[in-house]
Amino acid sequence: FPDPAVYRRRLESCAFRVSLIEHFPRPTPLPGDIAGWMETFAGSFTLEMAGAIVGVVPGPDVVDGVASLVARSLIAAELSGTAASYRLLDTTRAYAHARLVESGEVDRIARRHASNLVAVMERASGEWGEVRHLSEWASHGRQIENVRRALDWAFSPDGDAAIGVRLTIAAIVR
């Protein structure tokens, strides 16, 4: 929003009578400690992927935090059969990125994200012959943006090239 004086002039130019106007900065806080890990996802993510980055099995904190953000339209839920995945809105991602940078945890969270994707893609490679439904292939294909982001980190000066190589192999050997 503009500052109060500009806002007052805009309202008055539209024939509103303004007797009092104040500004209260009120950023929407992200619940719990989820701001950091959310920013790492470039594409969709599941609760299990979120839990892997947080370092725990997705418990009530992760589930409640994601549900709260869905209810406030800060992330979008995507349902496919019985599986649910989530996608960050650009504004939520930008806010989460700023919080992550402030926390100084960028490299640690990026490493967890890339390591988790290696595990997801390696598991998918092992199950390639067992996939029974096209929707299972599609769910792995939706991770391409996350794979790209993880590879960007892995091959950056602060990254880990060994994780990048493993992720590349796991992502293409399907």
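These remarks concern the structure in this document. Worth saying up front: this structure is predicted, and the values here are computed from it rather than measured. (Residues numbered from 1 in each chain as written. Predicted model: local features only at pLDDT ≥ 70, side-chain atom pairs only at ≥ 80, totals over all residues. Heavy atoms only, no water.)

## Structural notes on the sheet that holds strand E3 (residues 83–88)
Then, number 1: One open sheet holds the three strands; their spatial order is E1-E3-E2, and the pairing between them is antiparallel. Either end of the sheet is taken by a strand with one partner, and the two such strands are strand E1 (44–45) and strand E2 (75–80).
Then, number 2: The pairing of E2 with E3 spans six bridges and is classified as antiparallel. The partner of Ala-76 across the bridge, within E3, is Arg-87. (Pairing = 2+ DSSP bridges. Helix = DSSP H or I, 4+ residues; strand = E, 2+ residues; numbered from the N terminus.)

## A few points about the packing of helix H8 (residues 144–154) against helix H9 (residues 161–172)
Then, number 1: H9 packs onto H8 with a crossing angle of 150° between their chain directions and a minimal axis gap of 8 Å. By the angle between their axes, H8 is roughly antiparallel relative to H9. The handedness of the crossing between H8 and H9 comes out as left-handed. Between H8 and H9, the residues in contact are Val-147, Ala-150, Leu-151, Trp-153 and Ala-154 and Ala-161, Ile-163, Gly-164, Leu-167, Thr-168 and Ala-171, respectively. (Axes fitted to C-alpha atoms, helices over the stretch in contact; angles between N-to-C directions. Parallel < 35°, antiparallel > 145°, perpendicular 65-115°, else oblique. Left-handed = near helix turned anticlockwise from the far one by under 90°. Contact = heavy atoms within 4.5 Å.)

## What to know about a nonpolar patch on the surface
Then, number 1: A cluster of nonpolar side chains, Phe-155, Val-165 and Ile-169, forms an exposed patch at the surface whose accessible area comes to about 280 Å².
Then, number 2: With respect to the element layout, Val-165 can be found in helix H9.
Then, number 3: For Val-165, a relative accessible area of 43% puts it in the partly exposed group. (Patch = residues over 30% accessible without salt bridge, like charges linked within 9 Å, V, L, I, M, F, W, Y side chains within 5 Å. Areas by Shrake-Rupley, 256 points an atom, 1.4 Å probe, with all protein chains shown as cover. Salt bridge = Lys/Arg side-chain N within 4 Å of Asp/Glu carboxyl O. Buried < 20%, exposed > 50% of the residue type's maximum accessible area, 1.4 Å probe, protein only.)

## What about the nonpolar core?
Then, number 1: Grouped together as the largest cluster of nonpolar side chains are 28 residues, with contacts concentrated most on Phe-45, Val-66, Ile-75, Tyr-86, Met-121, Trp-153 and Leu-167.
Then, number 2: Considering each element in turn, this core owes the most residues, seven residues, to helix H6 (residues 106–126). (Core = buried A, V, L, I, M, F, W, Y, C linked by side-chain atoms within 4.5 Å.)

## Quick look at the side chain of Asn-146
Then, number 1: Positionally, Asn-146 belongs in helix H8.
Then, number 2: At a separation of 2.7 Å, a polar atom in the side chain of Asn-146 contacts the main-chain carbonyl oxygen of Ser-44.
Then, number 3: Setting aside chain neighbours within four positions, we find Asn-146 in contact with Thr-40, Phe-41, Ala-42, Gly-43, Ser-44, Met-49, His-113 and Leu-117. (Polar contact = N/O pair within 3.5 Å; in protein donor to acceptor, adjacent residues only side chain to side chain.)

## Considerations on the environment of Ser-85
Then, number 1: Following the sequence through the fold, Ser-85 ends up in strand E3.
Then, number 2: Here Ser-85 falls in the buried class, since its relative accessible area comes to 10%.
Then, number 3: It is 7.4 Å that separates the C-alpha atoms of Ser-85 and Leu-47, two residues lying 38 residues apart in sequence.
Then, number 4: In this view, Ser-85 contacts Ser-44, Phe-45, Thr-46, Ala-76, Ala-77 and Glu-78; residues no more than four positions away in its chain are not counted.

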